[in-house]
Amino acid sequence: MKNETGRSFYINTFGCQMNLADSSIITAILRDVGYRVAGSEEEADIVILNTCAVRENAVERITHYLQFLRGAKKRKKSLLVGVAGCVPQHLKREMLEMFPAIDFLAGPDTYRTLPVLLQDAAAGNRPAAFDFRIEETYAGIDPQRPEGVGAFVPVMRGCNNMCAFCVVPFTRGREHSQPFGAVMDEVRRIVDGGYREITLLGQNVNSYADLEGGRDFASLLRAVSMEAPGCRIRFTTSHPKDISRDLVETIAESRNICSHVHLPVQSGSTRVLGRMNRGHGIEEYRDTVALLRSRIPGVSLTTDIIAGFCGEEDEDHEATLTLLREVRYDAAFMFYYSPRPGTAAWKTLEDTVPLEVKKRRLQEIIDLQLSVSAGLLQEAVGSVVEVLAESESRRSAEQLIGRTQTNRAVVFDRGEARPGDLVRVLISKASSVTLSGVNKGVLPVFYS
Ligand code: SF4
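Residues numbered from 1 in each chain as written. Predicted model: local features only at pLDDT ≥ 70, side-chain atom pairs only at ≥ 80, totals over all residues. Heavy atoms only, no water.

Novice: Is there a simple way to explain the site of the ligand in this structure?
Specialist: Close contacts around the ligand come from Cys159, Asn161, Met162, Cys163, Phe165, Cys166, Val168, Pro169, His239 and Arg278, and that covers them all. Residues of the shell around the ligand, tallied by class, amount to 7 nonpolar, 2 polar and 1 charged. (Near = heavy atom within 4 Å. Nonpolar A, V, L, I, M, F, W, Y, C, P; charged D, E, K, R; others polar.)

Shown next as structure tokens:
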């Protein structure tokens, strides 16, 4: 359905890396049929909010923006506003009643229908598409990525795990993986495009399964690492129960697969993990951490924690604090539990922990984690690390910021280096979240 009107669009992306990748897919779909990319919402004829429903305040986060767009529509009558992603998938047509500014809605598996939705919306209707399409992996679409050092590749979508607190199975549907050949085609295009880092994405990335070729995630990761020897390879998010020995060996053996694993634990208590329906106990989690640490020297781990889940007692909370001290995560995403409508916990579990207790427990978790993170950064002072330069630092054009293999941010003097270069940096200082160092020269050879 060609757009003959020359209309332009602007996408405002909320949420995770998967949403950023989806915005690149939406851009490709709309450009393919003749829409132009606008530089800002003020210039655009169509504004699309690509939304995330994982956190409790997802709707509040887009409310102000939709109010602003309602004002913009009064000034520019032809402006169309659409909401894509997990929030409309979760709230469905209720969103149209909540927000008069919205002209169309599109769930995560329906982006190929956007040209039709846009025509329908331009005709004055308020169309909405929420189908789950198990076969939809957006294979064959060449995402229009922003220029930069890193590129995201969604290799699987959806989740079969049904953790009790999580809306993802309801907003993204069942797991469906992109065929191996399509992933490799995308990787080749990224390499040709001059990117230096590839992040393989999935809600539960290590459940990747190529149905035709029988490849699992370890096999895919190995193949991507070999196809892109000049790039760093990252992946997220892993479920602890799906970290196989083969996957660990693949990371250990490949020089360009980064030694960082995001390994959400959510709670340090087996009892709470059971109520969360996480599919493993804390001792199995500890075994996985031990395996990663023994096979990948210097591996950094990050995690997600929920404080005050249904039925959490003081001793469960203490178990979480003990785990944080023991594992020494580089960083953590930390929240207190709030019930999300439609989830198993919302339907079947009592939200027993009072809000002030949740907040106190969360603060204890944050305080401990911040001190662990700061300690780890302090220990890095004096070491020499390889940093992939990403961009100018916000403070000074004379400095660049980049990341170590272990995903630590490092600011250093620019010297001869440019974004995309791999630079040896002597770490001279640590703040609570960032390392600073001295540029010791650009590395002439990039991994291969
Ligand atoms: S593994 Fe659990 S927390 Fe992660 S997306 Fe699936 S259901 Fe949600």
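Novice: Help me understand the pattern of salt bridges in this model?
Specialist: Opposite charge on two side chains lets them pair, provided their charged atoms get close. A full pass over the atoms with the stated rule returns 25 salt bridges. Where Lys76 meets Asp45, a salt bridge forms, and the shortest distance between an N and an O atom there is 3.6 Å. With a gap of 31 residues between them, Lys76 in the loop between α2 (58-75) and β4 (80-85) and Asp45 in the loop between β2 (36-37) and β3 (46-51) connect regions that are remote in the sequence. Here Glu364 and Arg360 are joined by a salt bridge, their closest N and O atoms 3.3 Å apart. In this pair, Glu364 and Arg360 are both assigned in helix α14 (residues 355-380), 4 residues apart and thus about one turn of the helix distant. Arg360 sits in the partly exposed class, given a relative accessible area of 39%. Each of the salt bridges in this network shares a partner with another, and the network as a whole consists of Asp22, Arg157 and Arg172. (Salt bridge = Lys/Arg side-chain N within 4 Å of Asp/Glu carboxyl O. Helix = DSSP H or I, 4+ residues; strand = E, 2+ residues; numbered from the N terminus. Buried < 20%, exposed > 50% of the residue type's maximum accessible area, 1.4 Å probe, protein only.)

Novice: It is not clear to me how the environment of Gly194 should be interpreted in this structure. Could you clarify?
Specialist: Structurally, Gly194 can be placed in the loop between α7 (180-192) and β10 (197-201). Looking at Gly194, the relative accessible area reads 48%, which means it is partly exposed. Taking the C-alpha atoms as reference, Gly194 lies 9.4 Å from Gly230; in sequence the two are 36 residues apart.

Novice: What is the right way to read the packing of helix α11 (residues 282-295) against helix α12 (residues 314-327) from this model?
Specialist: The geometry of a pair of packed helices is captured by two quantities: the angle between their axes and the separation between those axes. Where α11 meets α12, the closest approach of the two axes is 12 Å, and the angle between their N-to-C directions is 10°. In terms of axis orientation, α11 runs roughly parallel to α12. Between α11 and α12, the contacting residues are Ile282, Tyr285, Arg286, Val289 and Arg293 on the first element and Thr322, Leu323, Glu326 and Val327 on the second. Here the residues of the contact of α11 with α12 sort into 5 nonpolar, 1 polar and 3 charged. (Axes fitted to C-alpha atoms, helices over the stretch in contact; angles between N-to-C directions. Parallel < 35°, antiparallel > 145°, perpendicular 65-115°, else oblique. Contact = heavy atoms within 4.5 Å.)

Novice: Would you mind going over the side chain of Arg172 with me for this structure?
Specialist: Topologically, Arg172 is positioned in the loop between α6 (168-171) and β9 (176-177). Side chain to side chain, Arg172 and Asp22 meet in a polar contact 2.9 Å long. Aside from chain neighbours lying at most four places away, what touches Arg172 is Met18, Asn19, Asp22, Cys86, Pro108, Phe132, Arg157, Gly158 and Gln203. (Polar contact = N/O pair within 3.5 Å; in protein donor to acceptor, adjacent residues only side chain to side chain.)

Novice: I'm lost on the sheet that holds strand β15 (residues 300-307) in this one. Help?
Specialist: By way of backbone hydrogen bonds, the strands of a sheet pair with one another, either parallel or antiparallel. The strand order across the open sheet built from 3 strands is β14-β15-β16, with neighbouring strands paired in parallel fashion. Whereas interior strands pair on both sides, the edge strands pair on one side only; in this sheet they are β14 (260-262) and β16 (331-336). Going across the sheet, the axis of each strand differs from the next one's by a mean of 10°, ignoring polarity. Relative to β15, β14 runs parallel, the two being bridged by 3 bridges. The residue bridging His262 from the neighbouring strand is Thr302, located in β15. (Pairing = 2+ DSSP bridges.)

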